[in-house]
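# Breakdown of the fold
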Amino acid sequence: MRDHGQCDAEMLFFHEILRWSTNALLVVLAFSFAATIAYAQVTFERLVNSGKEPQNWLTYSGDYSGRRFSPLDQINATNAHSMVAKWVYQTAATGKLETTPLVVDGILYATAQDDRAFALDARTGRPIWMYQRQLPGDIRPCCGRVNRGLAILGDKVFLGTLDAHVIAIDTKTGNVAWDAVAADYQKGYSFTVAPLAVKNLVVIGVSGGEYGVRGFIDAYDATTGTRKWRFYTVPGPGEPGHETWEGDSWKVGGAPAWNTGTYDPATNQIFWPTGNPAPSNRSEGRAGDNLYSNSLLALNADTGQMNWSFQFTKHDEHDWDATQVPIMIDSGNKHMIAQANRNGFFYVLDRSTGKLISATVYGKTTWSDHKDAEGRPVANKEASPTLAGHTVCPGALGTTNFMAPAYDPKTSLFYVTARDQCDIFSTAPQPYEAGHAYYGSAYFPSDEAEPYRGFLKAIDPATGEIKWKFEHTSPTWSGVLSTAGGLVFTGDAEGNFIALDAATGKALWHFQMGGAVYAAPIAFAVDGKEYVAIAAGSAVYAFGLP
Amino acid sequence: MTRYLLLLVLAALAGIAQANGADDQNPLAKDTKAAKAGEYEFRINCALCHGLGAHGGGRGPDLTRAQKKHVHSDAEMFQVISSGIPGTAMPSNGTNGQGVGMTDEEIWQIITYLHSVEVKAPAKPNGNVARGKELFYGDANCSLCHMVEGKGGRLGPELTSVGSSRTREAIIDSVRHPSRHLAWGLTESTKEFPQEYETITVVTTDGKKIKGVALNEDSFSVQMMDSSEQIYLLEKDKLRSFSKNRESIMPTYTPDLLSDKDLDDVIAFLTSVGAK
């Protein structure tokens, strides 16, 4: 439903021009052509070259490298103090809104709780279409009925659903184009992740580490919905890594893959992080390293075959999913990939080999005071949970969690939301039963621990040094955006959206949105005007210059 | 007529539903194995708020008390665990897609466990209710800052239901050591942590020093109340200084200030009000 008034005006304008000259007619046709290509489909080439169209936000992390950096600089450290709200879109959903919107040629696509998806006029926030999945009543999301966003390719956006389907939605109408069943939701499988479109594939990782699922990463044909490959993150009999699981524990080994990975076109590799082994905090019955839980996997994009893996926390007993977005960083001829891990260490790996370059502490940790020969932090024996329970830092929520980090190639700093929180970890034996929560453990805030503290930290990946930190009033779940305007954007638990100086961490501007932030910001431009958008409470907000 | 019939049918159906609910008996009652399983389920799903051993945490009440505020039967307890309590921090925990998704059996196990740790209220309360009331509103000065049933001060937490939601030990601890666990104040719907009764001291640009408790705070503003119940709404960047600490503004009631016997009387008063 386009604006007819505007069309009529265009027609009048057209007739005026026609009277002038045929040359002018060509100009008008050129404008019409421009309006048509504004709705051109998103090709794989566009995704690879996303840096050439900074007005758009084409993937979960903004580009394939995962750095959540916008080259836009119209809003910058000089004028950020004057930013104003441009529009608000109320989703009317309840619970946590974790979505990262996509923006393509003036249209913003985002998701909300209970598998809502919608397309908005990115200049005004007015909806073009809305979709909500009819979910069964007995879905099993561990941690809220959340969704973190869409992928786009061709004329479709792709949504992973809480009942473990992958669906393709037509970008112009919101109609479902195809619907593929990935797994049995009644056994605890679900999707909350924003998929990643690569070539003609939709790559997606499953959730359900709290239900004893067998984790996997899938790739679907974007045109038809046919599954092209599946990589099980817990190897089966005869596969390498299977020996790292005791007995039949691999069958319910967890290792979900619930946050979006990154893609290196130069080597055609997908880097996808994985989560905790199941049961999450009790190791009895799953002796061994439990590959490929809490790992970063390098997979061939065409086949799903693994080139290398790196396990951050071996035989995890603290629910420290390694599902944080890994960011590709290039320095000279060094091709690295960096991750601020939930276990409190910041890791830099060589992304061609998966070899560890460095691991440095970036938050309060007590679980490891030594490293192995490769330089990987090793768990202290006394860090294991006990029946009576004892305090370990970080707590089960980790130093960071799903909140998206950012990397600014101009400051060469890695920005991540971090918290200092310790928990009492206690075992609570629990038999596996299909589709039921399977923690094997319990954790509580430590009574004696200090109050929890939350920060935005700027880490120098070359040294692991924390260059600056901004302390929040309480820990936040907000992701981070960095922009070429010398700014870092983040949100807080108190409902503020904040612009900070990327070099110093000084707060330059804030806006009270009235709801806690569980999402990550993006930047885009329409009609030459830059916007910054973020979800908070149950709404999506867009800001710009007055 | 049709409408009247429909109403009758609906009323009958409602009656049946209610009867079913009331007849819901715990199939695992007094089953010691179920109580053990329930203990582990409780640790996993409930202890975060209700504390280890169900003795109450900062957010959730003590569940070892035989008398509970929202629950008078196993069927009601099942309903509360499964669906939560609207208007409170108690979420739904049944297999309805929100939260942890416990099965019916697991919920019954928890109910069995809770009965196994229940402590019956002593036949005779330790203290004297009437004298406790006198102390609360008089010499002990509690009501200068705390309100009970609409009477009292506003600086500290309202205490009408504290007697039913906290153990005697927890109340004694917060009177004798008020800074050990600061009380929780405002809880915003999607915010992870509630505001606590922290002590705030600010100096305004004109040199005025204000000390009070935080009503709420974020990185850029603070809302506070001083001991004369004046509310201040302040922007942090417009203050000469801002500091907060976790030393409660409540005085530490040592036995010199309030004897054990007097404290027993005050608790007896609070318990009698909470039981209403």
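Conventions adopted
- Residues numbered from 1 in each chain as written.
- Chains lettered and ligands numbered in written order.
- Predicted model: local features only at pLDDT ≥ 70, side-chain atom pairs only at ≥ 80, totals over all residues.
- Helix = DSSP H or I, 4+ residues; strand = E, 2+ residues; numbered from the N terminus.
- Buried ≥ 20, exposed ≤ 12 C-beta atoms within 10 Å, placed from the backbone.
- Contact = placed C-beta atoms within 7 Å.
- Rg over C-alpha atoms; globule rule 2.2 N^0.38 Å.
- Domains from an automatic or database assignment.
- Core = buried A, V, L, I, M, F, W, Y, C linked by C-beta atoms within 7 Å.
- Axes fitted to C-alpha atoms, helices over the stretch in contact; angles between N-to-C directions.
- Parallel < 35°, antiparallel > 145°, perpendicular 65-115°, else oblique.
- Left-handed = near helix turned anticlockwise from the far one by under 90°.
- Nonpolar A, V, L, I, M, F, W, Y, C, P; charged D, E, K, R; others polar.
- Pairing = 2+ DSSP bridges.
- Arc of directions from axis to C-beta.
- Expected span 1.5 Å × (residues − 1).

## Some words on the overall build of chain B
If you tally the helices and strands in chain B, you get nine helices and seven strands. Looking at chain B as a whole, 30% of its 276 residues are labelled buried. Partitioning the contacts of chain B with sequence separation of at least 6, the portion at a separation of at least 24 is 58%.

## Thoughts on the overall build of chain A
If you tally the helices and strands in chain A, you get three helices and 38 strands. In terms of C-alpha radius of gyration, chain A reaches 23 Å, essentially the compact-globule figure of 24 Å for 546 residues. Seen through its C-alpha atoms, chain A measures out along the principal axes to roughly 85 × 50 × 45 Å. Residues classed as buried in chain A amount to 57% of the 546 residues present.

## Notes on the domain arrangement of chain B
Domain boundaries assigned for chain B yield domain 1 (20–116), domain 2 (129–177 + 255–274) and domain 3 (179–249). The straight-line distance from the C-alpha centre of domain 1 of chain B to that of domain 3 of chain B is 35 Å.

## Some words on the nonpolar core
A:Leu150, A:Ala151, A:Ile152, A:Ala197, A:Val202, A:Ala536 and A:Tyr541 are the most contacted members of the largest nonpolar core, which totals 187 residues. The residues contacting A:Tyr541, other than those within four sequence positions of it, are A:Ala85, A:Val88, A:Phe497, A:Met513, A:Ala533, A:Ile534 and A:Ala536. Membership of the second largest hydrophobic core comes to 16 residues, among which are B:Val148, B:Leu258, B:Leu263 and B:Val266.

## Examining the packing of helix H8 (residues 168–176) of chain B against helix H9 (residues 260–274) of chain B
Residues and elements named next belong to chain B. Relative orientation of the contacting elements H8 and H9 amounts to 125°, with a least axis distance of 11 Å. Between H8 and H9, the angle falls in the class oblique. Remark: the crossing between H8 and H9 carries right-handed chirality. For the pair H8 and H9, the contacting residues are Arg 168, Ile 171, Ile 172 and Val 175 in the first and Leu 263, Ile 267 and Leu 270 in the second. Looking at side-chain class alone, the contact of H8 with H9 contains six nonpolar, no polar and one charged residues.

## As for the sheet that holds strand E28 (residues 423–427) of chain A
Residue and element names in this part refer to chain A. An order of E25-E28-E29 is seen for the three strands of this open sheet, with the pairing classed as antiparallel. One side of each edge strand has no neighbouring strand; the edge strands of this open sheet are strand E25 (390–392) and strand E29 (441–445). Each strand axis lies, on average, 40° off the axis of its neighbour in the sheet, ignoring direction. Bridging between E25 and E28 involves three bridges; their strand directions are antiparallel. Bridge pairing in E28 places His 390 opposite Phe 425.

## With respect to unusual backbone geometry
All names here are of chain A. Omega for the bond connecting Leu 291 with Tyr 292 falls within 30 degrees of zero, at -5°, which places this linkage in the cis form. Relative to the assigned elements, Tyr 292 resides in the loop between strand E16 (269–273) and strand E17 (295–300). Residue Cys 393 is joined to Pro 394 through a cis peptide bond whose omega torsion reads -5°. Relative to the assigned elements, Pro 394 resides in the loop between E25 and strand E26 (406–408). Despite not being glycine, Lys 199 has its phi angle at roughly 55°, a positive value. With respect to the helices and strands, Lys 199 occurs in the loop between strand E11 (196–198) and strand E12 (201–205).

## Observations regarding the sheet that holds E17(A)
Strand pairing in a sheet relies on backbone hydrogen bonds, with the paired strands running either antiparallel or parallel. Residue and element names in this part refer to chain A. Read from one edge of the open sheet, four strands run E15-E16-E17-E18, paired in antiparallel fashion. The strands lining the two open edges of the sheet, one partner per strand, are strand E15 (262–264) and strand E18 (306–311). The sheet shows a mean angle of 20° between the axes of neighbouring strands, taken without regard to direction. Here E17 pairs with E18 via five bridges, running antiparallel. Looking at the pairing, Leu 296 lines up with Phe 310 of E18.

## Notes on the domain arrangement of chain A
The domain boundaries assigned to chain A delineate domain 1 (1–37) and domain 2 (38–544). The centre of domain 1 of chain A, based on its C-alpha atoms, is set 44 Å off from the matching centre of domain 2 of chain A.

## As for the interface of chain B and chain A
Listed by partner, the interface residues are 21 residues for chain B and 29 residues for chain A. Counting residues per element, the side of chain B that touches chain A draws most heavily on helix H2 (residues 32–45) of chain B, which supplies three residues. Among the residues forming the side of chain B that touches chain A, the class breakdown is eight nonpolar, eight polar and five charged.

## A closer look at the pairing of strand E19 (residues 327–331) of chain A
All names here are of chain A. As judged from the five bridges shared by E19 and strand E20 (residues 334–340), these two strands associate in the antiparallel manner. Pairing of Ile 327 across the sheet is with Ala 338, part of E20. What sits between E19 and E20 in their antiparallel hairpin is a turn of two residues, with Gly 332 showing a positive phi close to 60°.

## Considerations on the pairing of strand E38 (residues 539–544) of chain A
Residue and element names in this part refer to chain A. Most of E38 is tucked away, with six of its six residues classed as buried. Of the two faces of E38, the one carrying Ala 539, Tyr 541 and Phe 543 and the one carrying Val 540, Ala 542 and Gly 544 are both buried. Both strand E2 (residues 84–90) and E38 contribute to a ladder of six bridges, which runs antiparallel. Across the sheet, residue Tyr 89 finds its bridge partner in E38, namely Val 540.

## As for the environment of A:Asp423
All names here are of chain A. Within the element layout of this structure, Asp 423 appears in strand E28. Along the primary structure Asp 423 and Asp 372 are separated by 51 residues, whereas in three dimensions their C-alpha atoms are 25 Å apart. Once residues within four sequence positions are removed from consideration, Asp 423 is found in contact with Val 392, Gly 395, Ala 396, Tyr 443, Phe 444, Pro 445 and Ser 446.

## Here's the deal with helix H4 (residues 74–83) of chain B
Residues separated by three or four positions in an α-helix point in the same direction, a consequence of the helix having 3.6 residues per turn. Residues and elements named next belong to chain B. For H4, the complete set of buried residues consists of Met 77, Phe 78 and Ile 81. Projected onto a plane normal to the axis of H4, the buried residues spread over an arc of 100° and lie on a single side. At its buried positions, H4 is contacted by helix H5 (104–116). Downstream of H4 by one or two residues, Gly 84 has phi in the positive range, about 80°.

## Details of the environment of B:Arg240
All names here are of chain B. Along the chain, Arg 240 turns up in strand E7 (residues 239–245). We classify Arg 240 as exposed; it has 12 C-beta atoms within 10 Å. Sequence-distant contacts of Arg 240, defined by excluding residues within four places in its chain, comprise Val 203, Thr 204 and Thr 205.

## Brief notes about the environment of A:Arg419
All names here are of chain A. Checked against the element boundaries, Arg 419 lands in strand E27 (residues 413–420). Owing to 25 C-beta atoms within 10 Å, Arg 419 belongs among the buried residues under this scheme. Distance from Arg 419 to Leu 397, taken between C-alpha atoms, is 8.9 Å for residues 22 residues apart in sequence. Arg 419 has contacts with Thr 399, Tyr 452, Arg 453, Gly 454 and Pro 475, leaving out every residue within four places of it along the chain.

## A word on H9(B)
Residues and elements named next belong to chain B. The end-to-end C-alpha separation of H9 is 21 Å, in line with the 21 Å expected for 15 residues at 1.5 Å each. Among all positions in H9, only Asp 262, Leu 263, Asp 265, Val 266, Ile 267, Ala 268, Phe 269, Leu 270, Thr 271 and Val 273 are buried. Residues of H9 that are buried make contact with helix H6 (129–137), strand E1 (147–148), helix H7 (162–165) and H8.

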